[in-house]
Structure formats: structure tokens, C-alpha cells
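# Topology and contacts: notes
One-letter residues, chain by chain:
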Amino acid sequence: MALIERNFDSAEALNQSFADQIVQQLSDAIEQNGHASLLVSGGRTPLGLFKVLSEQPIAWSKVFVTLVDERWVDETDSASNTRLVKENLLQNHAASARFVEMKTAHDDAYSAQPAVAENLSVIPTPYTVLILGMGEDSHTASLFPCSQEVEQGLSTENQAVCLAVTPTTAPHQRMSLTLNAIASAQNVYLHLTGDKKKQVLKDAMADQSGAIRPIAQVIAKTDVVLYWTP
Ligand SMILES: O=C(O)[C@H](O)[C@@H](O)[C@H](O)[C@H](O)COP(=O)(O)O
């Protein structure tokens, strides 16, 4: 599979073009199927995109929105991706989107996994649009190379939609979509900023050492469109 690069001179230009592309794909899916789905990552990178998307006048009430991964913290916690999405994406027109919770009331992510999978099962598949970020360790979603669960999460035999992960290089237990769930989406995007992450991506894709590079394994399994700006 391949990486298709779309590079932009500014975050503003990227966010508008990316939002237009996403809106077109969501609208096409709504027209064809009566519904669409948008699965997003957390972190700082997507905040500007979320704002532009929130202002797009599409039939958001027919769009399922959920997370690619979640930190296992209360929604009041500043680390919560649910909070991030509700405060930045599910505003304006997008406030009427159908948000599907990834965080449940369970104290720990491991006991929550069946309930989260049940929650996510309300979203028709294949997912319409899925947006990944990437860390400088080449993690994507919460498939962290440092975690003991990463090989299970990246296994092409693993048909589960999600799994609990405990990274050693980042705080909090996480719930993450698996590689197969990510790769099942009709349109998979990677949203990056900065030269350092671009280099991490290139190195990960070129790495022949056998080291675990989650973003490279996603690209090996499905076409990914990169939206990048310096
Ligand atoms: O919950 C998360 O943190 C994300 O899903 C994670 O995979 C993120 O996309 C990368 O860590 C990049 O984060 P930044 O955009 O903040 O660099």
C-alpha cells in the first residue's frame, strides 16, 4: 500500500483544503448511505482543522463521530480526547453530530474493552474518514512501540476493534483502535506538522531493522493520504 503526500505552505491552507476534502467524502457517504462516520485522533495537531470542520454546513446529524484513541481519564481531565473533541470539533454546525463515546465508566481500560467495542459497533462500517496523528516515536493512535500490547494491536490476525494499551513513554492507560480497525476505513489520513515528524515518518517507512514502527505498518496495510505543513 502507499503514502500519498499533500504538502501545504501553511496550517491555514492545509486546514481549509483538508476540511473541504473531508466534507466532500462525508457528504458523498450521506448521499449514498444516509449516514457517514468521522474518526479522529487527539493531540494538538488537529485543533485548527477541528475548528474549520465545525463550521461546515453539512448534515452533521447523520455523521457518527468517535475517537481513534482515548486516554483513560475523566472527561474533566485536560488530557481527555473526548473533552478535546467536544470543545473543538463538536461545536457550531458539527454540534449536531452523533458522538460515540470511547471512554466508559470502567476504572481501567482493560476491563472496559468489551464495552467500548460494543459502543463502537453502532457505527456502520466501513468507516468513511479516519484521521491519524503520529508521535516522534512513530506511534499512531495509541499503538505505542514501547507498550507490551503493541504487537497485539498491530497483528493482522487481531479482529478486535480496540484494545487497552499502557505506554511507558506517555501517561495514562489508553484505549486504541487496532491496526485492522484503522485500515478498514475507506479513507485514512495522516495529519502532521513540522520537519521533525516528516523525517520520523520517512525513517519509519525506510526502517528495515525489524523494529516496531506502527505508522509504517499502517501504511503497509492500507493507502494513507498525508496532509503536512512545515
Ligand atoms: O491521543 C493521542 O495523543 C493521539 O491520538 C496521538 O496518536 C497523537 O495523534 C499523537 O501523539 C500526536 O500528537 P500531537 O498532535 O499533539 O503531536
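Residues numbered from 1 in each chain as written. Predicted model: local features only at pLDDT ≥ 70, side-chain atom pairs only at ≥ 80, totals over all residues. Heavy atoms only, no water.

The protein goes by 6-phosphogluconolactonase in an unreviewed UniProt entry, where it is assigned to Alteromonas sediminis. The heading Pathway (unreviewed entry) in the UniProt record of the protein holds the text "Carbohydrate degradation; pentose phosphate pathway; D-ribulose 5-phosphate from D-glucose 6-phosphate (oxidative stage): step 2/3." The Sequence similarities (unreviewed entry) field of the UniProt record for the protein holds the comment "Belongs to the glucosamine/galactosamine-6-phosphate isomerase family. 6-phosphogluconolactonase subfamily." (UniProt positions renumbered as here; feature names shortened; annotations may be inferred.)

With that settled, the discussion passes to the side chain of T104. Tracing the backbone shows T104 in the loop between β5 (98–99) and α4 (109–120). In this view, T104 contacts W72, A112, A115, V116 and N119; residues no more than four positions away in its chain are not counted. (Helix = DSSP H or I, 4+ residues; strand = E, 2+ residues; numbered from the N terminus. Contact = heavy atoms within 4.5 Å.)

This part takes up the pairing of strand β8 (residues 174–177). The alternating pattern of β8 places R174 and S176 and M175 and L177 on opposite faces, both of which are buried. With three bridges joining them, strand β4 (residues 69–71) and β8 adopt antiparallel strand pairing. In the strand pairing of β8, R71 is matched with R174. (Buried < 20%, exposed > 50% of the residue type's maximum accessible area, 1.4 Å probe, protein only. Pairing = 2+ DSSP bridges.)

Another aspect to go through is the pattern of salt bridges. In a structure, side chains of opposite charge can pair up when their charged atoms sit close to one another. Counted by the stated rule, this structure contains eight salt bridges. In this structure, the salt-bridge partner of E5 is K202, at a minimum N-O distance of 3.7 Å. Taken together, the residues E5 in strand β1 (residues 3–7) and K202 in helix α7 (residues 195–206) connect sequence positions 197 residues apart. Given the relative accessible area of 42%, K202 is considered partly exposed. (Salt bridge = Lys/Arg side-chain N within 4 Å of Asp/Glu carboxyl O.)

Our next topic: the packing of aromatic side chains. A complete count under the given rule lists four aromatic pairs for this structure. Ring plane angle 65° and centroid distance 5.8 Å describe the contact between Y189 and Y227, whose orientation is recorded as edge-to-face. Remark: Y227 occurs in strand β10 (residues 224–229) and Y189 occurs in strand β9 (residues 187–193); sequence separation between them is 38 residues. You can call Y189 buried: its relative accessible area is 1%. Assessed through its relative accessible area of 1%, Y227 is described here as buried. If you follow K103 out to its NZ or CZ, it ends over the ring of W72, 4.7 Å from the centre. (Phe/Tyr/Trp six-rings, centres within 6.5 Å; stacked < 30°, edge-to-face > 60°. Lys NZ or Arg CZ within 6 Å of the ring centre and 35° of its normal.)

Tallied over the full model, the rule gives zero disulfides. C146 takes part in no disulfide bond, and the closest cysteine sulfur to it belongs to C162, at a distance of 19 Å. Relative accessible area serves as the criterion here: at 27%, C146 is assigned to the partly exposed category. Judged by relative accessible area, C162 falls into the buried class, the value being 1%. (Disulfide = S-S within 2.5 Å.)

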